[in-house]
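Observations on the three-dimensional arrangement
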Amino acid sequence: MSTQHFLLKITTLIYFLIILQPTLIFANCTCETRDNKYNHQAKHKALSYKLIAISSILCASALGVILPILLKNFKSLQKNDYSSLHFLIKAFAAGVILATGFIHILPDAFESLTSPCLSKEIWGSFPFAGFVAMMSTVFTLMLESLASGYQSRAGLRKAQPVNIGDDDDHEENDGRHGQGQGHDGPQIMLERSNSSSLIRHRLISQVLELGILVHSVIIGISLGTTENPKTIKPLIIALSFHQFFEGMGLGGCISQAKYKAKTITIMVLFFTLTTPTGIAIGMMITKGYNDQSSAALIVQGVLNSASAGILIYMALVDLLATDFMDPKLHTSFKLQVIVNVSLVLGACCMSLLAKWGGT
């Protein structure tokens, strides 16, 4: 499991690097700031809304990510009821994550990297947002493949001595050894399969959280630096629902990964605190931060593109493809229909939030 601890450390390191990214954006401004025209009264009102946003988003994020984890621990839902509910929650969450990537993050990335504040000769001559999103998708696939391959090879090396016996033992205890091997072989294969599945779920949860964290800190900083009360007010509700739905998707993946309580607590805290932390950072750097500077646009555009690619891949490949091809789902046409409706509902709910600026 050393690979999983290594990935968790990498995720933690990237998290703090993302949190510190505003320090890179105190650059010479190429375009005027948006919010320098608001008076003291408007700024004071905006500050009140920001404090409300921090508490609201904090509660919504915590509730969303914890809910699937708590549901899995209810004994009354451990049997068939939970199996059906599990498919519904994951389909809804996958729709939310898919819409987050396509509707909320990727358009923002294109807007940032095609801004008139950037050089048209460099950034206007090539679709960098789509390219970065594509490459992040490819790298995510490569990371999953390499990590899964490493763990599979490690499992084969550990399991190999169990099936090896001396020739004398085969001759003297042929019947007894053959009987034992008949029991040990399937058991080893089952343990290896369960271990591989668990590793995959843990990898999915960590990569998914990384993609969500990148976007969460960016939207937090954007909200924190905004001084227009009319802009912040609708964002409070929109972002609260945004974080709640994203939390449900992440919480479902964490519950499948069967982490220890300490790791679950760390991952839940990372997700819960990222957006409020971003808002707090935005509030502190409001005077010196210019979201229309070339450095800010490039950093936000590249990070958003990478985040969108990760989330789109995770939603389609790791969440939807796995569950929609599950034989348990294929045995019930009614459940298939309900799960498909849940997927569309999740995607539509998250897409509607874009109407109120929930990006």
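Right, let's get into the environment of Leu352. Mapping Leu352 onto the fold places it in helix α12 (residues 333–353). Residue class for Leu352 comes out exposed when judged on its relative accessible area of 51%. C-alpha of Leu352 to C-alpha of Ala99: the two residues are 253 residues apart in sequence and 9.5 Å apart in space.

This next bit is on the packing of helix α2 (residues 40–72) against helix α8 (residues 229–257). Contact geometry of α2 with α8 gives a least axis separation of 7 Å together with a crossing angle of 20 degrees. If you check the angle between α2 and α8, you find them roughly parallel. Crossing of α2 over α8 shows right-handed handedness. The residue makeup of the contact of α2 with α8, split by class, is 19 nonpolar, ten polar and four charged.

Moving on, we get to the environment of Met283. Locating Met283 in the fold gives a position in helix α9 (residues 261–284). Along the backbone, Met283 and Ile221 are 62 residues apart, and their C-alpha atoms lie at a distance of 7.8 Å. Ignoring any residue separated from it by four or fewer positions in sequence, one finds Met283 in contact with Leu47, Lys50, Leu51, Ile54 and Gly224.

With that settled, consider a nonpolar patch on the surface. Together, Phe126, Phe131, Met134, Val138, Phe139, Met142 and Leu146 line one region of the surface with nonpolar side chains, adding up to about 670 Å² of accessible area. One can find Leu146 in helix α5 (residues 128–159). Residue classification places Leu146 among the exposed residues on the basis of a relative accessible area of 61%.

Once that is clear, we can look at the packing of α8 against α9. Relative orientation of the contacting elements α8 and α9 amounts to 165 degrees, with a least axis distance of 11 Å. Classified by the angle between their axes, α8 and α9 sit roughly antiparallel to one another. The crossing of α8 and α9 is right-handed. The residues of α9 that touch α8, namely those facing Gln243, Glu246, Gly247, Leu250 and Ile254, are Ile264, Met267, Phe271 and Thr275. Looking at the contact of α8 with α9, its residues break down into five nonpolar, three polar and one charged.

Time to look at the nonpolar core. Leu208, Leu250, Ile254, Met314 and Val339 are the most contacted members of the largest nonpolar core, which has 39 residues in total. Residue assignment for this core shows that the elements contributing at least two residues are α2, α3 (80–113), α5, α7 (174–225), α8, α9, α10 (294–324) and α12. Beyond its immediate stretch of four places on either side in the chain, Val339 contacts Phe87, Leu88, Ala91, Phe324 and Leu329. Counting twelve residues, the second largest nonpolar core, distinct from the first, contains Ala46, Tyr49, Ile54 and Leu239.

Cut-offs and rules
- Residues numbered from 1 in each chain as written.
- Predicted model: local features only at pLDDT ≥ 70, side-chain atom pairs only at ≥ 80, totals over all residues.
- Heavy atoms only, no water.
- Helix = DSSP H or I, 4+ residues; strand = E, 2+ residues; numbered from the N terminus.
- Buried < 20%, exposed > 50% of the residue type's maximum accessible area, 1.4 Å probe, protein only.
- Axes fitted to C-alpha atoms, helices over the stretch in contact; angles between N-to-C directions.
- Parallel < 35°, antiparallel > 145°, perpendicular 65-115°, else oblique.
- Left-handed = near helix turned anticlockwise from the far one by under 90°.
- Nonpolar A, V, L, I, M, F, W, Y, C, P; charged D, E, K, R; others polar.
- Contact = heavy atoms within 4.5 Å.
- Patch = residues over 30% accessible without salt bridge, like charges linked within 9 Å, V, L, I, M, F, W, Y side chains within 5 Å.
- Areas by Shrake-Rupley, 256 points an atom, 1.4 Å probe, with all protein chains shown as cover.
- Salt bridge = Lys/Arg side-chain N within 4 Å of Asp/Glu carboxyl O.
- Core = buried A, V, L, I, M, F, W, Y, C linked by side-chain atoms within 4.5 Å.

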